[in-house]
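# A structural walkthrough
The chain contents come next:
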Amino acid sequence: LCGDAEHFLQAHLDPRRLALIVDGQTVAERADKGRRGKAVDQFLMEGFEKLVLDTVQANGVEPSRLKLELTESMVVGDVPAVARRMEVLQAAGVVLALDDFGTGYSSLGQLRNLPFEELKLDRSFVLGALASPRGGTLARNIVQLGHDLGLTVMAEGVETEQQMIFLRDVGC
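Heads up: these notes are all about the structure in this document. (Residues numbered from 1 in each chain as written. Predicted model: local features only at pLDDT ≥ 70, side-chain atom pairs only at ≥ 80, totals over all residues. Heavy atoms only, no water.)

## Considerations on the overall build of the protein chain
Worth spelling out the cut-off: Numbering of helices and strands runs from the N terminus; a helix is a DSSP stretch of H or I covering at least four residues, while a strand is a stretch of E covering at least two. When accessible area is computed with a 1.4 Å probe and restricted to protein chains, residues below 20% of their type maximum are described as buried, those above 50% as exposed, and intermediate ones as partly exposed. Contacts are residue-level and defined by heavy atoms, with any inter-residue pair within 4.5 Å sufficient. Accessibility throughout is a Shrake-Rupley quantity obtained with a 1.4 Å probe, and a residue counts as covered only by protein chains that appear here.
Assigned secondary structure in the protein chain consists of eight helices and five strands. Walking the protein chain from its N terminus toward its C terminus, one meets helices and strands in the order α-β-α-α-β-α-β-α-β-α-α-β-α. Counting over 172 residues, the protein chain shows a buried share of 37%. Taking as baseline every contact in the protein chain between residues at least 6 positions apart, the subset at least 24 positions apart corresponds to 66%. Entry remark: accessible area of the protein chain is about 9700 Å², with carbon and sulfur atoms responsible for 53%.

Structure, rendered in structure tokens:
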């Protein structure tokens, strides 16, 4: 990803921000392609934050141009350890987003206790927003909750103009 950023900059293209999804898939699953091995979630790997910061520095990318999108499954384990890693990355300027909000295992307490800057409304809520009054109410209230917590709220999977208008009208 950082190599891509370097190529963009050399081509005089200036991406505002590079986003990288850090999911609950284990390092063993990635390395072994399904074979059994020691399972370590990416974000909880020893030295993950140092690896990220060293990589952006080695590629000449400002940390503020990197956004790590953490899925809800990433934040359900050792919340204090996750919070410490997030704080190190955030202090360096990396933007942290909670991806797929509303579909995973996290609680509202975790949302309160972890230093996210952005909330990404899962596409299932985008699809449901116009499908029923309840769907619209859920999407509207999730956006409002994000704003009330001081978060930027973005939506995934916007496919129609009607969805875009609805989301814009509710502040997303």
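From this point, the narrative continues.
## Observations concerning the side chain of E49
What counts here: Definition of a polar contact: a pair of N or O atoms within 3.5 Å, with one able to donate and the other able to accept a hydrogen when the atoms are protein atoms, and with sequence-neighbouring residues admitted only if both atoms are side-chain atoms.
The topology assignment puts E49 in helix α3 (residues 48-58). A distance of 3.1 Å separates polar atoms of two side chains, one belonging to E49 and the other to R85. The contacts of E49, once residues within four sequence positions are left out, are R85, V88 and L89.

## Observations concerning the nonpolar core
For soluble globular proteins, the rule of thumb is that nonpolar side chains tend to be buried together. Applied cut-off: The term nonpolar core refers to a set of buried residues drawn from Ala, Val, Leu, Ile, Met, Phe, Trp, Tyr and Cys, joined through side-chain atoms within 4.5 Å.
Among the nonpolar cores identified, the biggest contains 37 residues, and F43, L68, M86, L114, F116, L119 and L121 are the most heavily contacted of them. The residues touching M86, leaving out its near neighbours within four places in the chain, are F43, L70, L96, L114, P115 and F116.

## A look at the environment of F101
Along the polypeptide, F101 turns up in strand β3 (residues 95-101). Distance from F101 to I142, taken between C-alpha atoms, is 8.7 Å for residues 41 residues apart in sequence. Setting aside residues up to four positions removed in sequence, F101 forms contacts with E72, L108, L111, L119, K120, D122, F125, I142 and L145.

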